[in-house]
Amino acid sequence: MKGSMTAAAVHKQYEEGVDAFRRQIGDSALRERFAREADVFFRACALGIWHSDGGSVTPRHVEYYNAIYHKGNPVPSILFWELSTAVADYPGFTPPGFFTRMLAYDKVVGGTLSRRFADLMTLMLLLFAAVDDVVSEEEAGFAGLCADALIGLCEKEGLSAGKPPLDVTEFVTRRSPSPEQSTAPAGEKKAEEKAEETEAEEKAPSLEELLAELDSLCGLEKVKKDVKSLINLVKVRKLRQEAGLPVPPMSLHLVFMGNPGTGKTTVARLLAGIYHAIGVLSKGQLIEVDRSGLVAGFVGQTAIKTGEVIDKALGGVLFIDEAYALANPDSPNDFGKEAIETLLKAMEDHRSDLIVIVAGYTELMDRFIHANPGLESRFNKYFYFEDYDGAQLMEIFRSLCRKNGYSLTGEAEDYARGLFTRLYEQRDENFGNARDVRNVFERAVARQSDRVAALENPDRDALMALTLPDLKEEEPDAAQPSGEP
């Protein structure tokens, strides 16, 4: 059967291979850089291997390409025409930027990391070539040329050969690496994963610390009260379960309604940690996505993409911002519907270890929830995030100054107080709450830097002071729309 390997299987093999190699990198800075840049490089490798085979692209190629990402990195969502163009315009193989750093690292420690990366790249190239279950001579030749380019750089730096390079021809008959080629023994990998989980557990904040952080948030009094009431409800339910008393069914999935910049993401993160601290969730991580993180461009792809995001969120909270974008009443065939159906099934299948929070503008979220009976039945708790008033905006601004080592002069403080009062009183649909405060702060800091840079030997007070001129030019632009803080 042509194309028998699914996109999910490709993603699994890719992530396991990249993750296992990453664990072997001893230099922390290099390890972080590799984790950040590897996906972009390997997606370029996929373009090259498919270009070498004639450049013909099918929907399965799109599925494979969108499966090339590592845990914690952005998930690609390329469309068919975009991939076709990228494959046709493939510019040729270029070693990744982090490979130069690997060479330098190997020279210092006498290692073979760069050689092993050449093997990893070859394995990935042949994995991508398996899109049609056939590794053609052209594809094998391209993989060999890419490997030779990296090995040539190793030899140029006088690095030892280590073990022989991977035999491409031998791999074609196997489809997957043998135990000898595996980058880490299974037992060792499990032990490392367990160690990472233990380390994360030790670093997890306590319930008291999380509640203190919640209380320290500016405003949100009604939300804080609702969160604490929900915590009490969950605690008592657990006590009743332990006492053998009946516990009525209850959904812990939530709807956050309010304008941007009102702290919805921050509260969701704290809730994830709180639920973990009281034993409701096994891990307590927050996975944040929007429509682009769930919806793909072809039938069937969206279910895979949404399912992979759900897998990452198991044991924690899946936070879907601007969730109303998934339901498009003007387009009944929109793929957002497929994402919603996949989500609803997962909420049922994993109701004991997955909490979903959907968020967005109040009016749009209300329509979204009531547009689907399944959503109505699973989301019955609503948290309303009100806009910050002028005094609260000013307190957020003071907090940003304190945290970043800036102090306001008397004139600047008076001006800022009036600025935020006007910003609140004249707010419209573009009002960004805390995000507007952050933009006021960042632009004031930029102007302060220009001013201080012109001083000769500025002292500590001068470096910290935000003055009236640093803020005053802000007023005409203060209410311009901008990104969430």
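Note that the coordinates shown come from a computational prediction; the quantities given were computed from them, not determined experimentally.

Trainee: Sorry if this is basic, but what is going on with the overall build of the protein here?
Mentor: Secondary structure assignment for the protein yields 21 helices and seven strands. Expressed as a percentage of its 485 residues, the buried residues of the protein come to 46%. Counting only contacts in the protein whose residues sit at least 6 apart along the sequence, the fraction spanning at least 24 positions is 76%. On the protein, roughly 23900 Å² of surface is accessible, and the fraction owed to carbon and sulfur atoms is 53%.

Trainee: Before we go on, may I ask you to explain the nonpolar core in this structure?
Mentor: Across soluble globular proteins, nonpolar side chains have a tendency to be buried as a group. Of all hydrophobic cores here, the largest spans 55 residues; its most connected members are Phe256, Tyr275 and Phe397. It is helix H12 (residues 264-277) that contributes the most residues to this core, seven residues altogether. Each residue touching phenylalanine 256, except ones within four places of it in the same chain, is listed here: Lys264, Val267, Ala268, Leu271, Phe319, Ile357, Val358, Ala359, Gly360, Met365, Phe383 and Phe385. The next biggest cluster of nonpolar side chains, apart from the first, holds 54 residues, and it includes Phe42, Ile78, Val131 and Leu150.

Trainee: Help me understand helix H11 (residues 221-242) in this model?
Mentor: For H11, which comprises 22 residues, the first-to-last C-alpha distance of 32 Å matches the rise-based estimate of 32 Å (1.5 Å per residue) to within 8%. Here H11 has its buried residues at Val223, Lys224, Asp226, Val227, Leu230, Ile231, Val234 and Arg237. The buried residues of H11 occupy one face: seen down the axis, they fall within an arc of 165 degrees. Among the exposed residues of H11, those pointing more than 90 degrees away from its buried face are Glu221, Lys225 and Leu239. Along its buried surface, H11 packs onto helix H10 (207-216), strand S1 (254-258), H12 and strand S5 (381-385).

Trainee: How should the packing of aromatic side chains be read in this particular structure?
Mentor: Enumeration according to the criterion identifies 21 aromatic pairs in this entry. Plain terms: the ring middles of phenylalanine 99 and phenylalanine 117 are 5.9 Å apart, the flat faces sit at 45 degrees to each other, and that makes the pair tilted. One end of the pair, phenylalanine 99, is in helix H5 (residues 97-109); the other, phenylalanine 117, is in helix H6 (residues 113-129), with 18 residues separating them in the sequence. Among the residues examined, phenylalanine 117 registers a relative accessible area of 0% and is labelled buried. Note on tyrosine 406 and phenylalanine 441: the rings are 5.8 Å apart at their centroids and 80 degrees apart in plane angle, and the pair reads as edge-to-face. Placement of tyrosine 406 in the loop between helix H17 (390-403) and strand S6 (407-408) and of phenylalanine 441 in helix H19 (residues 434-453) is noted, with a sequence separation of 35 residues between them. The rings of Tyr14, Phe21, Phe34, Phe41, Phe42, Phe93, Phe98, Phe99, Phe117 and Phe128 are connected pair by pair, giving a single aromatic cluster. Taking NZ or CZ as reference, arginine 422 lies 6.0 Å from the ring centre of tyrosine 415, over its face. One cation-aromatic arrangement involves arginine 427 over tyrosine 424; the distance from NZ or CZ to the ring centre is 4.0 Å.

Trainee: It is not clear to me how the state of the cysteines should be interpreted in this structure. Could you clarify?
Mentor: Going through the model one piece at a time under the given rule, you end up with zero disulfides. Left without a disulfide partner, cysteine 45 is nearest to the cysteine sulfur of cysteine 146, which lies 6.1 Å away. Classification of cysteine 45 as buried rests on a relative accessible area of 2%. The buried category is assigned to cysteine 146, whose relative accessible area is 2%.

Trainee: Where do I start with the sheet that holds strand S2 (residues 286-289) in this structure?
Mentor: Sheet strands pair by backbone hydrogen bonding; their relative direction is either parallel or antiparallel. The sheet built from five strands is open, its strands ordered S2-S3-S4-S1-S5 with parallel pairing. With partners counted over all chains shown, the strands left at the sheet margins are S2 and S5, one partner each. Going across the sheet, the axis of each strand differs from the next one's by a mean of 20 degrees, ignoring polarity. Of the pairings in the sheet, the one linking S1 to strand S4 (residues 355-360) comprises four bridges and is parallel in character. Residue pairing for S4: phenylalanine 256 is matched across the bridge by alanine 359. Helix H15 (residues 362-370) rests against S1, S4 and S5 of the sheet, and its axis sits at about 150 degrees to S1.

What counts as what
- Residues numbered from 1 in each chain as written.
- Predicted model: local features only at pLDDT ≥ 70, side-chain atom pairs only at ≥ 80, totals over all residues.
- Heavy atoms only, no water.
- Helix = DSSP H or I, 4+ residues; strand = E, 2+ residues; numbered from the N terminus.
- Buried < 20%, exposed > 50% of the residue type's maximum accessible area, 1.4 Å probe, protein only.
- Contact = heavy atoms within 4.5 Å.
- Areas by Shrake-Rupley, 256 points an atom, 1.4 Å probe, with all protein chains shown as cover.
- Core = buried A, V, L, I, M, F, W, Y, C linked by side-chain atoms within 4.5 Å.
- Expected span 1.5 Å × (residues − 1).
- Arc of directions from axis to C-beta.
- Phe/Tyr/Trp six-rings, centres within 6.5 Å; stacked < 30°, edge-to-face > 60°.
- Lys NZ or Arg CZ within 6 Å of the ring centre and 35° of its normal.
- Disulfide = S-S within 2.5 Å.
- Pairing = 2+ DSSP bridges.
- Axes fitted to C-alpha atoms, helices over the stretch in contact; angles between N-to-C directions.

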